[in-house]
Each structure stands twice: as structure tokens, then as C-alpha cells.
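Listed below are the residues making up each chain.
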Amino acid sequence: MNAALSAEQQELRAVVRALLQKESPEPVVRATMESAEGYDRALWTMMATELGLQGLAIPEEYGGAGAGWVEQGLVLEEMGRALLCAPYLSTVGLAVPALLASGDALAAERWLPAIADGRLVATAALTGVLRRTDVDLPITAARDGSGWRLTGTEPHVLDGAAADLLLVLARTDGGASVFAVEAAADGMRLTTPRTSDLTRRIARVELSQTPAQLVGQEDAGWDIARQVLPRAVAVLACEQVGGAARALELAVDYSKTRIQFGRAIGSFQAVKHRCADMLVAVETARSAAWAVVRAADRDAPDLSLVASLARAVCSDAYVRCASDCVQVHGGIGYTWEHPAHLHVKRSRGSAVLLGTAHEHRTLVAELAPVLGTRREEGAST
């Protein structure tokens, strides 16, 4: 992947890695994941003001850098490698593309500049919509004079408690639509259950006649979701690659220094084979992630197919590498003091975000024949 990167992209990767090594090493990750907010506001501001990371893929007219999904993927890969505790995936992977896909210029002008300069944390309640229909949507919207009010519960909202802005897919009489709910709105109740992956926060959002603003056109909800999900999947895949690569590094480094029977355990065939299999998994996942972010930059017609393929491959790779990292470390890998278990928990939590590997393989099976038929029809004409 490095060979295909420009000098500017390689510099971006290096700068982000250096920042995270300095400002978010493992001891800081452990302290942050146990904190009340779950992320470091000072680091969040630094990321925005000094490196412009939150505004990387935001168009220049809204205060961003106008970069592409390849650059965004590089940043997420480094964040996954460092196990960064921050609402970055939810803000730039879900909320930003949702606002842009809505075509709502007023909403974009209102919220995107604040996201770009780090003043606003945002998320979108889209993590469970992969297989939903209008009937399945748990939140309903009803007109209230010139505005709207939402009622219902979304049980799994990524960084919902930290968000200043929540975008929700809700059912109206005209169909599914996207609505914006600002933090501390009347009738909104947030609870944050303690999950196994403490580096990532999931919130349960309950709405009861909560005032909201329509984003985009009424009945455009599924169109927006179809544009957002493949791009969110793309950056999540990159984050998983970073985590898998770091798990491989930890395993290899330990195998070189752990002495057993008078030899480094890395010299034993069983350990060498396990590490080699991890390397194959990492490089396969990196190729898949690279393919999907490039497809997102081109707005490729088969983006949904490529995204689902990448999601399945990268999810499996991270789970496998994190688990194998523990196996290489033996008993010490199971201890709370060792970072291996943090990658195991992050890999398992990420595996169920935005659809499981099994769900995405099912989508691939559904999408591939359709695309193949289209190609055959095009060739015959």
C-alpha cells in the first residue's frame, strides 16, 4: 500500500502516527477509556486545529481540506493501530457523509464548519440499519407545526453520549427521513451501558416527543443511508487493518525476545507459521481496505459490493490477528496489564458495527449477480 501512496499521503500517515505515539500511548488509552467522557477533549481539539483531521474530508467551502477517502482511510488505520479513544469514526465516518449526502446546504453550513474546527462532535444512528425497512425503524417522526418531533429508541448509537449532534433515521408518513437532534434536547434520554470494549462507547438513545430538524428531503432517508454506509464501512475497514497490523507487530516482537528451551520462541515452527498466517491476513485485509477507499473516491458503481467484501475480510482479519496475538504471548497475553486483550475486545466490538461479516457476505451474494448481469447486458448492446 505504501508504494501506491503519494509523498503527501505518506507524510500524513507519519504525522498522525507521531501524534498518537506522543499524545495517546497505551497508558493514556487506558486512562481515557475509564474516564467519564471516554475521550480527551484537549486531544480532540489538537487533532482539529493543528492537523485538521476532523475536516480532512469536508469540502473546502465548509472549512475542511477537501481530501479524499484514501487520506481518511490512512488516518483511521493509524487510529486503529493506536486504539485511539475518540468519537472520530462516528463524526467523520457517519455524520459528515450523512450531511453531505443529504444535499441540505443549510444543514451543511450550520454544522460542518463546527465539526471541521473541533467544536462539534457528531454521530448518526445508522449502525443497525443494514437490514431494516420502513416498518422496522424504531423511531417515528410526526409534524409539530412547522417542525418535527421524534419518538422511539435506538439501542446502539456509536458515541451517542459524547455527541453534540445526533442524526437519526426515522419513519414518517412519507417514508424514512433523516433528522438532526441536538444534545440536551427535550425528551432525550441517554444511557451508556458498559461493554467489553472500553475504548469505544455505545449509547442507548431514547426519544419522547423530542424536537428535531429535517435534514434533506422528506422520504430521502434510505437514499442517504445507502450513500453513507459503504463509506463508513470503508473507514471502519481501515481502522481494523491498523489494529490487525499492530497485533501482528506485538506478536512478532514478543516471539523474538521470549526465550523458551534456550531459544527464542519465534524460532519454533508453530509460532513462525502462526505469525506468517497473521501477516497474510493483514496484507489481504489491507488490499481490501485500499480497494474500498479508492472505490469511494471514484464513487464507483460497485462501491456497495466492494465495501461489503472489505468489511467481511477486514473484520475476520482483525479478530484472527488479535486472538493469535494472545496465543503467541501465552499466559501473559490474557492479563489486564498487557495490551493484547484490548485488541481482542476492540476487534470483537468492531466486528458487529455496521453489519457483521456474515451479513456483508450475504449482501455480496445478492449484489454480485446483479452487477454481473448489468455487465453482460452492457456487453451485448
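Above: the structure in question.
Residues numbered from 1 in each chain as written. Predicted model: local features only at pLDDT ≥ 70, side-chain atom pairs only at ≥ 80, totals over all residues. Heavy atoms only, no water.

## Remarks on the side chain of Ser347
Examined against the element boundaries, Ser347 turns out to sit in helix α10 (residues 340-350). Those residues in contact with Ser347 that lie beyond four places of it in its chain are Tyr318, Val319 and Ala322. (Helix = DSSP H or I, 4+ residues; strand = E, 2+ residues; numbered from the N terminus. Contact = heavy atoms within 4.5 Å.)

## Some details on the packing of aromatic side chains
Given two aromatic rings, their pairing is described by the distance between the two centres and the angle made by the two planes. With the rule as written, the count across this model stands at three aromatic pairs. Relative to Trp44, the ring of Tyr39 lies with its centre 6.1 Å away and its plane at 75°, an arrangement referred to as edge-to-face. Taken individually, Tyr39 and Trp44 each receive the classification buried, so the pair is uniform in this respect. Pairwise contacts between aromatic rings join Tyr39, Trp44 and Tyr88 into one cluster. (Phe/Tyr/Trp six-rings, centres within 6.5 Å; stacked < 30°, edge-to-face > 60°. Buried < 20%, exposed > 50% of the residue type's maximum accessible area, 1.4 Å probe, protein only.)

## With respect to helix α8 (residues 269-298)
Taking 1.5 Å as the rise per residue, α8 with 30 residues should run 44 Å; its terminal C-alpha atoms sit 44 Å apart, in good agreement. Of the residues trailing α8, Asp299 is marked for its positive phi of about 50°. (Expected span 1.5 Å × (residues − 1).)

## Examining unusual backbone geometry
Here Gln209, not a glycine, exhibits a phi torsion of approximately 55°, which is positive. Of note, Gln209 is situated in strand β7 (residues 202-215). For Asp299, which is not glycine, the phi dihedral falls at a positive 50°. If you trace the backbone, Asp299 turns up in the loop between α8 and α9 (303-329).

## So, the pairing of strand β3 (residues 147-158)
Where strand β2 (residues 139-144) meets β3, six bridges bridge the pair, whose relative direction is antiparallel. Bridged to Ala142 within β3 is Arg149. What sits between the antiparallel neighbours β2 and β3 is a turn of two residues, in which Gly145 has the positive phi angle 70°. As paired strands, β3 and β7 are joined by eight bridges and run antiparallel to one another. Counted as the bridge partner of Gly152 is Leu207 from β7. (Pairing = 2+ DSSP bridges.)

## Describing the environment of Thr49
Tracing the backbone shows Thr49 in helix α3 (residues 41-49). Sequence separation between Thr49 and Asp117 is 68 residues, and the spatial gap between their C-alpha atoms is 6.0 Å. In terms of polar contacts, Thr49 uses its side chain to reach the backbone carbonyl oxygen of Thr45, at 2.8 Å. (Polar contact = N/O pair within 3.5 Å; in protein donor to acceptor, adjacent residues only side chain to side chain.)

## Here we look at the packing of helix α4 (residues 69-82) against helix α7 (residues 221-257)
Contact geometry of α4 with α7 gives a least axis separation of 7 Å together with a crossing angle of 40°. With respect to α7, the axis of α4 lies oblique. The two elements α4 and α7 meet at a crossing, and its hand is right-handed. Counted together, Trp69, Gln72, Gly73, Leu76, Glu77, Gly80 and Arg81 of α4 and Arg231, Val235, Cys238, Glu239, Val241, Gly242, Gly243, Arg246 and Glu249 of α7 form the full contact between these two elements. (Axes fitted to C-alpha atoms, helices over the stretch in contact; angles between N-to-C directions. Parallel < 35°, antiparallel > 145°, perpendicular 65-115°, else oblique. Left-handed = near helix turned anticlockwise from the far one by under 90°.)

## As for α10
Listed as buried for α10 are Ala340, His341, Leu342, His343, Arg346, Ser347 and Ser350. Close packing links the buried residues of α10 with α2 (26-33), α4, α7 and α9.

## Side note on the pattern of salt bridges
Going through the model one piece at a time under the given rule, you end up with 25 salt bridges. The salt bridge involving Glu77 is made with Arg13; its shortest N-O contact spans 3.5 Å. Residue Glu77 is located in helix α4, and its partner Arg13 is located in helix α1 (residues 7-23); the two are separated by 64 residues in the primary sequence. Glu77 is paired through a salt bridge with Arg286; the nearest N and O atoms lie 3.0 Å apart. (Salt bridge = Lys/Arg side-chain N within 4 Å of Asp/Glu carboxyl O.)

## A look at the environment of Arg348
Tracing the backbone through its elements, the reader meets Arg348 in helix α10. You can call Arg348 partly exposed: its relative accessible area is 46%. For the pair Arg348 and Ser315, spaced 33 residues apart in sequence, the C-alpha to C-alpha distance is 8.5 Å. Among residues more than four places away in sequence, those in contact with Arg348 are Val319 and Ser323.

## Regarding the nonpolar core
Residues Met47, Tyr88 and Leu167 are the most contacted members of the largest nonpolar core, which totals 109 residues. The element contributing the most residues to this core is α7, with 20 residues. In this structure Leu167 touches Ala95, Ala98, Leu99, Thr123, Ala124, Ala125, Val178, Phe179, Ala180 and Val215, once residues within four positions along its chain are discounted. The next biggest cluster of nonpolar side chains, apart from the first, holds 16 residues, and it includes Ala141, Leu150, Val168 and Val205. (Core = buried A, V, L, I, M, F, W, Y, C linked by side-chain atoms within 4.5 Å.)

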